[in-house]
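Structural overview for review
One letter stands for each residue in the lines below.
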Amino acid sequence: MKPKMIWANLAVTDLERTQKFYTELGFRPNSPHSSNELVSFFMAGNELIVHFFLKNVIENNLKSMKFGDPQSSNEIIFTLSAESKSQVDEWAEEVKNAGGTIVSEPESFGENYYGFVFADPDGHKFNVFFM
């Protein structure tokens, strides 16, 4: 299986706040797919797109599925690859300045790994690392 594209769908409570946060981090909006029900961003070129749906909208569309609370559980954790340790540190500052929460500060771990974990304003977790 080799999909042409991959879309991830996450539930959020505030589209305007989500739009502002990911725009401030420099992600490119997938504008044709944004609406009053979702905002969408390209996360890796044109191959990975993340849609952020209002929670009630995505749960209604999926009928029998409910999304958990990302503040207390995780449905998925994306890992973002950095080019250097200094870029990891820069991204941590960008996340803080954009209103995200640093879950674990940048640090070395394992052999040749350096990174941190952050949460967006809705609590979705992202792992950032350089190796």
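Computed from a predicted structure; not experimentally measured.

Some remarks on the overall build of the protein
- Within the protein, the secondary structure is distributed over 3 helices and 8 strands.
- Secondary structure elements of the protein, listed N to C terminal, follow the sequence β-α-β-β-β-α-β-α-β-β-β.
- Since a compact globule built from 131 residues should have a radius of gyration of about 14 Å, the 15 Å found for the protein is in line with a globular shape.
- Dimensions of the protein along its principal axes, counting C-alpha atoms only, are 45 × 35 × 25 Å.

Structural notes on the sheet that holds strand E2 (residues 28-29)
- Within the open sheet, the 4 strands sit side by side as E1-E4-E3-E2. Their pairing is mixed. Edge positions in the sheet fall to strand E1 (6-12) and E2, since each has one partner strand and no second.
- Where E1 lies against strand E4 (residues 48-54), 7 bridges are found, and the strand directions are parallel. Counterpart to tryptophan 7 in the pairing with E4 is isoleucine 49.
- Relative to strand E3 (residues 38-44), helix H1 (residues 15-24) is tilted by about 20°, and along the sheet it contacts E1, E2, E3 and E4.

As for the pairing of E3
- For E3, the tally of buried residues reaches 6 of 7 residues, placing the bulk of the element in the interior.
- Examined bridge by bridge, E2 and E3 share 2 bridges and lie antiparallel to one another. When the bridges of E3 are listed, proline 29 appears paired with phenylalanine 41.
- Both E3 and E4 contribute to a ladder of 6 bridges, which runs antiparallel. When the bridges of E4 are listed, leucine 38 appears paired with phenylalanine 53.
- Two successive antiparallel strands, E3 and E4, enclose a turn made up of 3 residues, where glycine 45 displays a positive phi of approximately 60°.

A short note on the nonpolar core
- In terms of nonpolar packing, the biggest core is built from 26 residues, with Tyr22, Phe52, Phe116 and Phe118 touching the most fellow members.
- Contributions of two or more residues to this core are made by E1, H1, E3, E4, strand E5 (78-81), helix H3 (85-98), strand E7 (113-119) and strand E8 (125-130).
- The element that contributes the greatest number of residues to this core is H3, accounting for 4 residues.
- Every residue in contact with tyrosine 22, bar those within four places of it in the chain, is listed here: Phe27, Phe41, Met43, Phe52, Asp120 and Phe126.
- Grouped together as the second largest cluster of nonpolar side chains are 6 residues, Ala11, Phe53, Val57 and Ile58 included.

Comments concerning the confidence of the model for the protein
- Per-residue confidence for the protein gives a mean pLDDT of 88, with 97% of residues at or over 70.
- Element-level mean pLDDT values for the protein span from 85 in helix H2 (residues 55-61) up to 96 in H3.

Examining H3
- Compared with the 20 Å implied by 1.5 Å per residue over 14 residues, the 20 Å span of H3 between its first and last C-alpha is a close match.
- Those residues of H3 that fall on the buried side of the exposure criterion are Gln87, Val88, Ala92, Val95 and Ala98. Along H3, the residues classed as buried sweep out an arc of 145° about the axis, all on the same side.
- Its buried side turned inward, H3 meets H1, strand E6 (101-109), E7 and E8.

The rules behind the values
- Residues numbered from 1 in each chain as written.
- Predicted model: local features only at pLDDT ≥ 70, side-chain atom pairs only at ≥ 80, totals over all residues.
- Heavy atoms only, no water.
- Helix = DSSP H or I, 4+ residues; strand = E, 2+ residues; numbered from the N terminus.
- Rg over C-alpha atoms; globule rule 2.2 N^0.38 Å.
- Pairing = 2+ DSSP bridges.
- Contact = heavy atoms within 4.5 Å.
- Axes fitted to C-alpha atoms, helices over the stretch in contact; angles between N-to-C directions.
- Buried < 20%, exposed > 50% of the residue type's maximum accessible area, 1.4 Å probe, protein only.
- Core = buried A, V, L, I, M, F, W, Y, C linked by side-chain atoms within 4.5 Å.
- pLDDT = per-residue confidence, 0-100.
- Expected span 1.5 Å × (residues − 1).
- Arc of directions from axis to C-beta.

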